[in-house]
Structures are given as structure tokens and as C-alpha cells.
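Examination of the molecular architecture
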Amino acid sequence: MGFLTPGVTSSRYKKRKSKSSSRASSDSPGSQKQLEQPPRSSRSSRSSRSSRSSTPTSKERKQKHKKQKDFSSTASSKLSPAVLQLQTLSPLELLPTELVQKVFLLSTNLSLPLASPRLHHLLADRYLQLKILSSAYNHPPALTDLISRRFFTVHILHTCESQHGPLDLTGVALPIRLLKPPFSSIDLTLLEELISRGAGLDESNRDAAALGLQQAIKLRHAQAIDLYVRKLGVKCAPETIATAIEVGLPLDGQGGIKELLEFCDSIGDPAIWWAVLGREPNVECLESDPSGGTGKVKKREGALTGLVNKLLLDHLLHLSAPPAEVLGTIGEMMT
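Residues numbered from 1 in each chain as written. Predicted model: local features only at pLDDT ≥ 70, side-chain atom pairs only at ≥ 80, totals over all residues. Heavy atoms only, no water.

Observations regarding the overall build of the protein
The following threshold applies: Elements are defined by DSSP. Helices are runs of H or I of four residues or more, strands are runs of E of two residues or more, and each kind is numbered from the N terminus. Throughout, a contact is declared for two residues whenever any of their heavy atoms are within 4.5 Å.
Looking only at helices and strands, one finds 18 helices and two strands in the protein. Pairs at least 24 apart in sequence give 65% of the contacts found in the protein among residues at least 6 apart.

Shown next, in the form of C-alpha cells:
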């Protein structure tokens, strides 16, 4: 073995001592328990990591919700227009056509077809229109509402009368829509038919008729003018006669000025005479006094608006005496 140096341990002895200490530690009970525990497999560690990673974060949840929303919107955009329309219909509109028409007849609500385009399509039936019109016989308020509807035409009127007898419209107000321009031949024909069956004017449409006469005069619509004054008996105000003179209506014939004068109760009104004379009414004005006193009142002649209608002036002089305001002007013309 050789000599040992005092105080120095050999390296071979150190190696032996370390081996023996490692064997003793492996034989201890604590070490046996550690050896008895099976090593964790790589699969279980992987599954635990995947379970932790599978829990979605708030950002991932938002992205997933956005994808689902985009998918639903894309799917809805691919639906046909008919399917999309069915999704927006009311319960009444989803009923079969026969049931919707039955509800309409029982409700007698004439505004129901105007609630939606589909209801208008389902209820725009000639049979329903005739059925409701026949049920309104001898009921003036219901007839007033019915004849104001767009579906009510001369053809509907004649068809209903051929099936259910003559229609009495006594006490029924004429629809305002027929008393307005453009005064088409279809509207005027229907208006004449309604007037011949007793329909007329009341407080609800009297002002509309007076305004309609003025508009017919401005449009020089002779048939409408004659219908207003002769059939409806609309009175002509002096301003209306003056408008007829200014627009140049003919003196004679249908819708002429002579016909309008027959239905005017104020022929002596100065507005008519000034219009015949082709000038505006004379105006009284106060002239200032240079000395500071009270000024004098003088009459200023109205401006000329047109030529003197001598034929109409002669006709007016035969009908009535002129008012005092125009006597001076007429006298100057005669001299």
C-alpha cells in the first residue's frame, strides 16, 4: 500500500467511502418510497397541459362568438327573399287567404288592406269589394267611406247595381279626391254618376268644391266648370268671377263667364267691375301739406291690368247698375 502521509487521505479511500454512503442511502425507507412511486408518463403530462390550454380565454371566446355571428349572417343572406319575407310577417298575414278574407268581411275595416302590402294583395279582390259595397246599402256613413276609396270606379258601381239593384246615395258626401285637379274624364264621369244618384256637398267638402272651381277656372276646364256650377250648385264669389275674367274665359258657351254670372249673388261687387275695366281698384292716399297742416285725401287710379272687355261691360250694365267706385272710370270711357 505504500506509506501514508499523516493528515492526508488518499483518493482511493475517498472513492470507496462515497460508494458505501450511496449504498446506505439507497437502503433507507425514505428512498424506497421514492423508488416505489412510478414515474409520471409523458402522456399524462401532455393531457394536463392540454386541459389547461383548452380552457378558452376571453379573447378566444369573443373571436368564436364573432365567427358564429358571421356564419349566421352569411346563412341568412343565402336565404331566398320569400323565406326572409315570411320571417317578417305578422300572425294575421301568415293565415291562409280564405281566413284573412273572412276576417276582413267580419271586421268591416276598410283600412285593413292598407296595413301592409301583403294584406293589400290578399284583399284586393273584386268579390270582396262587391260584397262590402252591397252590405253598405242604405247606410250613408258607410257609403261615404266606400265611394272615397280608390277601388270604387264606374265599373264597380254598375256591376254592383246589376247584381243588387240601384244604389241610393241620398245623404252621402262626395269624395274630396274627385273635387281636385287634374279633372280627368274618368273622375268627372264618376262624379256625374254619383251626383245623379243623390250624392252632394256638405260641411266636409264644401270648401274643397269652392277651391276646385277656382282651380278649374285657372285651368280653363269648361266641363269641370259647368259640372261645378250647374250640377253641384257651387256659388261663384266675386273674386272667382274676377279670376275668370283675368284668365280670359270666353263670354259665352259651356263654362263661360255668362254662366258663372248666373250663379253669382254679388254682381254689383267692385272686384268684378274693376276686372272688366282691366285695372286695379282706385286707392285713396293722403298727400302731405308743405305748411305742416293736415294733408288732403286724393284718389289714385289703380294700375292697368289688361284691356277693357267692352262686350262683358255691356252685359254687366244690362244685369246691374255699376257701383259708385267705378262710375267715374266708366264715364271717362264713355266720353
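So, the side chain of Gln129
The criterion, for reference: The buried label applies to any residue whose accessible area, calculated with a 1.4 Å probe on protein chains only, is under 20% of its type's maximum; exposed applies above 50%, and partly exposed to all values in between.
Mapped onto the fold, Gln129 is located in helix H8 (residues 126-135). Look at Gln129 and you get buried, because its relative accessible area is 16%.

Some remarks on the state of the cysteines
Heads up, the rule is: Sulfur atoms of two cysteines make up a disulfide when they are within 2.5 Å.
What the rule picks out here adds up to zero disulfides. Here Cys236 is not disulfide-linked; the sulfur of Cys264 is the nearest cysteine sulfur, at 6.5 Å.

Thoughts on helix H12 (residues 206-218)
Note the cut-off: Expected span of a helix: the number of residues minus one, times 1.5 Å. Working definition: the arc comes from the directions between the helix axis and the C-beta atoms, pointing outward to the latter.
Its 13 residues place the ends of H12 19 Å apart at the C-alpha level, agreeing with the 18 Å of an ideal helix rising 1.5 Å per residue. When H12 is considered as a whole, its buried residues turn out to be Ala209, Gly212, Leu213, Ala216 and Ile217. All buried residues of H12 fall inside an arc of 140° around its axis, so they share one side. For H12, the exposed residues lying more than 90 degrees away from the buried face are Asp207 and Lys218.

Side note on the packing of H12 against helix H13 (residues 222-231)
Under the convention used in this document: Axes here mean lines fitted to C-alpha atoms, for a helix over just the part in contact, with angles spanning 0 to 180 degrees between N-to-C directions. Roughly parallel covers angles under 35 degrees, roughly antiparallel covers those over 145, roughly perpendicular covers 65 to 115, and oblique covers all other angles. Handedness of a crossing is defined here by the sense of rotation of the near helix relative to the far one, left-handed for an anticlockwise turn of less than a right angle and right-handed for a clockwise turn.
The contact between H12 and H13 brings their axes to 9 Å, and the two run at 150°. When the interaxial angle is binned, H12 and H13 end up roughly antiparallel. Between H12 and H13 the crossing geometry is left-handed. Taken together, the residues of H13 that come into contact with H12 (itself represented by Ala209, Gly212, Leu213, Ala216 and Ile217) are Ala224, Ile225, Tyr228 and Val229.

Some details on the pattern of salt bridges
What counts, and what does not: Counted as salt bridges are all cases of a side-chain nitrogen of Lys or Arg within 4 Å of a carboxyl oxygen of Asp or Glu.
One pass over the structure, following the stated rule, counts seven salt bridges. Measuring nitrogen to oxygen at the nearest pair gives 2.7 Å for the salt bridge that ties Arg197 to Glu161. Taken together, the residues span a long stretch of sequence, with Arg197 in the loop between helix H11 (185-196) and H12 and Glu161 in helix H10 (residues 154-164) at a distance of 36 residues. Among the residues examined, Arg197 registers a relative accessible area of 19% and is labelled buried. For Glu161, a relative accessible area of 17% corresponds to the buried category. In this structure, Glu262 engages Arg230 in a salt bridge whose closest nitrogen and oxygen atoms are separated by 3.5 Å. Taken as a pair, Glu262 in helix H15 (residues 257-262) and Arg230 in helix H13 lie far apart in primary sequence, 32 residues in all. Judged by relative accessible area, Glu262 falls into the exposed class, the value being 53%.

As for the environment of Asn109
By the element assignment, Asn109 lies in the loop between helix H6 (97-107) and helix H7 (117-123). The partly exposed category is assigned to Asn109, whose relative accessible area is 36%. Expressed as a C-alpha distance, the spacing of Asn109 and Ile132, which sit 23 residues apart in the sequence, is 10.0 Å.

As for the nonpolar core
Put simply, the test is: We call a set of buried Ala, Val, Leu, Ile, Met, Phe, Trp, Tyr and Cys residues a nonpolar core when their side-chain atoms join them within 4.5 Å.
By size, the foremost hydrophobic cluster in this structure holds 69 residues, and its most contacted members are Leu194, Tyr228 and Leu260. A per-element tally of this core places helix H16 (residues 270-277) first, with six residues. If sequence neighbours within four positions are ignored, Leu260 has contacts with Ile217, Ile225, Val229, Cys236, Ile241, Ala244 and Leu249.

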